[in-house]
Structures are given as C-alpha cells and as structure tokens.
Amino acid sequence: MSTIKLEHVTKVYPNGAEAVTDLNLEVADGEFTILVGPSGCGKTTALRMVAGLEEITDGTIEIGERVVNDLSPRDRDIAMVFQNYALYPHMTVAQNIGFALRLRKLPKEEMQSKVREAAEILGLTEHLNRKPAQLSGGQRQRVAMGRAIVREPAAFLMDEPLSNLDAKLRVQMRAEVSRIQRRVGVATLYVTHDQTEAMTMGDKVAVMRAGRLQQIDAPQTLYDKPANLFVAAFIGSPAMNLYQANVDEQGHALRLGNQQLDLPERLRAERSIGSYRGKEVVVGIRPEDLTDAAVAGEDGVGRRLEGTVDLVEALGAEKLVHFDIDARRLQSTDVGMGAEEDETEGLGSGEIAEAMSAGVARVPPTSELRPDQKAVFLVDAERMHLFDPESGEALG
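What counts and how
- Residues numbered from 1 in each chain as written.
- Predicted model: local features only at pLDDT ≥ 70, side-chain atom pairs only at ≥ 80, totals over all residues.
- Heavy atoms only, no water.
- Pairing = 2+ DSSP bridges.
- Helix = DSSP H or I, 4+ residues; strand = E, 2+ residues; numbered from the N terminus.
- Axes fitted to C-alpha atoms, helices over the stretch in contact; angles between N-to-C directions.
- Contact = heavy atoms within 4.5 Å.
- Core = buried A, V, L, I, M, F, W, Y, C linked by side-chain atoms within 4.5 Å.
- Buried < 20%, exposed > 50% of the residue type's maximum accessible area, 1.4 Å probe, protein only.
- Parallel < 35°, antiparallel > 145°, perpendicular 65-115°, else oblique.
- Nonpolar A, V, L, I, M, F, W, Y, C, P; charged D, E, K, R; others polar.
- Polar contact = N/O pair within 3.5 Å; in protein donor to acceptor, adjacent residues only side chain to side chain.

## Details of the sheet that holds strand β10 (residues 212–217)
Remark on secondary structure: sheet strands pair via backbone hydrogen bonds, oriented parallel or antiparallel. Across the sheet, six strands lie side by side as β6-β7-β8-β3-β9-β10; this open sheet has mixed pairing. The open sheet has two free edges, formed respectively by β6 (78–81) and β10, since each of these has just one partner strand. Each adjacent strand pair in this sheet contributes to an overall mean axis angle of 20 degrees, direction not counted. Of the pairings in the sheet, the one linking strand β3 (residues 32–36) to strand β9 (residues 204–209) comprises four bridges and is parallel in character. Within the sheet, the bridge partner assigned to V36 lies in β9 and is V207. Lying over the sheet, helix α6 (residues 167–184) contacts β3, β7 (155–159) and β8 (187–192), oriented at roughly 135 degrees with respect to β3.

## Considering the nonpolar core
If you look at the biggest cluster of nonpolar residues, it comprises 46 residues, and the most contacted ones within it are I97, V177, Y190 and V207. Examining the composition of this core, we find that six residues originate from one element, helix α4 (residues 108–122), more than from any other. Listed in part, the 30 residues of the second largest apolar core include L261, L267, Y276 and L386.

## Focus: the packing of α4 against α6
Contact pair α4 / α6: the axes reach a minimum separation of 10 Å and the direction vectors enclose 135 degrees. One finds that α4 runs oblique with respect to α6. Mapping the contact onto sequence places E120, I121 and L122 in α4 and R179, I180 and R183 in α6. Considering only residue class, the contact of α4 with α6 consists of three nonpolar, no polar and three charged.

## As for the side chain of E54
Its location among the elements puts E54 in the loop between α1 (43–51) and β4 (58–63). What makes E54 buried here is its relative accessible area of 17%. Of the polar contacts made by the side chain of E54, one reaches the side chain of Y13; its length is 3.4 Å. When residues no more than four places from it in sequence are discounted, the contact partners of E54 are K11, Y13, R48 and M49.

And the structure:
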C-alpha cells in the first residue's frame, strides 16, 4: 500500500536550530497532500527528511508501511520532482523518461512500453524524440514527472515543482499535475509556499509555521474553519480582515472602535461567547462577507461597518474595495508572520504589513464606491470568525 506517515518527527541542527518540531502527518494511499507555509517554516526540511536527504533527530517515518529512518534515499521507493527539471540536455524525451529504467537494466521492450505509457499519461507522445531545448517549460516539467512515474514508486515527493514557470503556465500546470496525480493514484506529498496552489490542488492541506503543524484539513475546511489566527491570515486571497474587538457585557454584540456589530444567536452558542463577556477578542471577516450597502439596498441595522474608501481595484467580475475604519486591524507580526517568514507570494514583511493595514471588501462590479468616499458595508455576521487574542486559537 502506498502511504507516507510521519510520527513525532523533529529536526534539530547541530547549532541548536529546531527546523521541525513534533510533526505528525499521514498521506493515505492515492492521496494528494500539500505542505504549505511561508519561507522558513520547515516544509522543505520535512520533505527532505521523508526523502532521506536530511537525517531526523527524533520520530519515525514510514513509506508504504515500512519504517525508513535508516534507509538511504535510493532504498525508500520514492520518486522526487524538483523545481529545477534536471533533464539531460543531450538525451531525447524518451531517453530522459526511461533513464532510471535503463539503470535497472530492464529489457528494452518493457522499458519502451513503460515510457510510452508515461508519455501518454503526460501528453508527451508526440515529443518523445525531441531534446529538452525544444520543449516549453511546462513540457520539461512533465518530462521530469514522467521520469518519476515510470519508476512506479510507493510515493511521490514534489518540492515546489511549478515555481520556475511563468504565472499563466503555473495555472495550467496546476490542473495538469492534479490530473496526473489522480490518474497515477500514488500517495503524494507536495511542498509549496503558494497558498492558491495548495487550495486548488490538494485533497488535504497542511499549514506549517515556524516548524510546527498548525492545521491539516480539506482546503475548504481550512478556509471556512481556520484553527487559529495564523491559518486565518495565511489562507485566502485577499486575506481575512482581522480586527481587535470587545464583547459587550451581555455577550450579544461586538464593539469595533466606535461601531457595533450584533452577534447572531448561533454564533454566540457555537463560539462560547459567555466566557468573553466584557473582554477583548479578535474578529475575522472574509472580504466576500462584506458587501456595499448601496448595492444591497438595505439598512442592515446591527451589521453595518462604516469606513473611508482607500483604493478600488476593478477586476471585471468584481471589485476589491480597500477601506479604513476606526478600529485596530491586526498586522502581519500580530498573527505570527514575522519578518523571517513574510515571503508569501513575493511580498516582503514590510509590504505585507502595509497590505494588511487596510480592510478589503469583495463587492459586485456595479458598486460605485470611489477612493476617499465614505462607505457603508454590510457584514454577513453568521460567517464571522472569532479568536482568542492571547492564544490566537479560534473560539469554540
């Protein structure tokens, strides 16, 4: 059976730096699991430990129900796909794909059959006699995947395989890689810093921060029910709006600066608001859960947020309205994305802090909001997220 299992895996370097701490992770047979997180969070180190390229300090790693802690990479029955294709330029596509089979001295007919089968899966049949220089970036990446597929390994390991492709090709290859993985049906552990890549490709997504696993779940569950402030801020684009708020003494409403939002009865019950009466919480609101009151055509008593428009991005099917309100919005450092970790999607720490300083609403294209204009947004209060300000954990 094709599985990958990590139990209490820890990696400490000789200088005392702890790259991965007590990592527990299981990739089931045929499952596509993605490790995601900002740069320096330990995801690539975790992958390299599974591959045998890094020694583990503590814990157990199993591949295909075998403990592989003391096995060399070649004996672990895995195939890796890296961000650099590492193709042999003097060899044809067929020769590159079949290279590992040639080393194993497979009969010529069997080797050709496996290469043709892999090429068919990857859509490379017409390119088998070409050299890598004659291929596009996406085709080269598929050749690298073909080299892994023909080996019929117990598990696939992929380390940011799409990061060298341009934006348009990355979108195309996301679908290609997902299709290929489903067809091959092998347990796959895939590492990326791109949360959009993670959300669109994985059966399960594991979010890491500073060497620790924060949450692992189906992509939509991560989005709808983040376990803590870090996951809430990291998953979603534009990011969730996070504000400091106070629960009133009755536990029926939130105060954000000089404004008030009613807490629906269901939310009060699910989030155990009773113990937070008169205390501070962090409220999270997704951009799509804010709409332009003028477009909605309703007053929305108890769920209004008034602010000043800072910027409007017209994207055709929707508009992103950046706005400021009289309430403290959490910055990148507040949610655990410090300077050493803030490299998601090419943004440096200063840029992320700046981007998070204003709230964002995702509104219909018919909205007529303009910069420097006063605006009223209606909040879908049933979909608000509440977090403990000290622990960062989601309430309830």
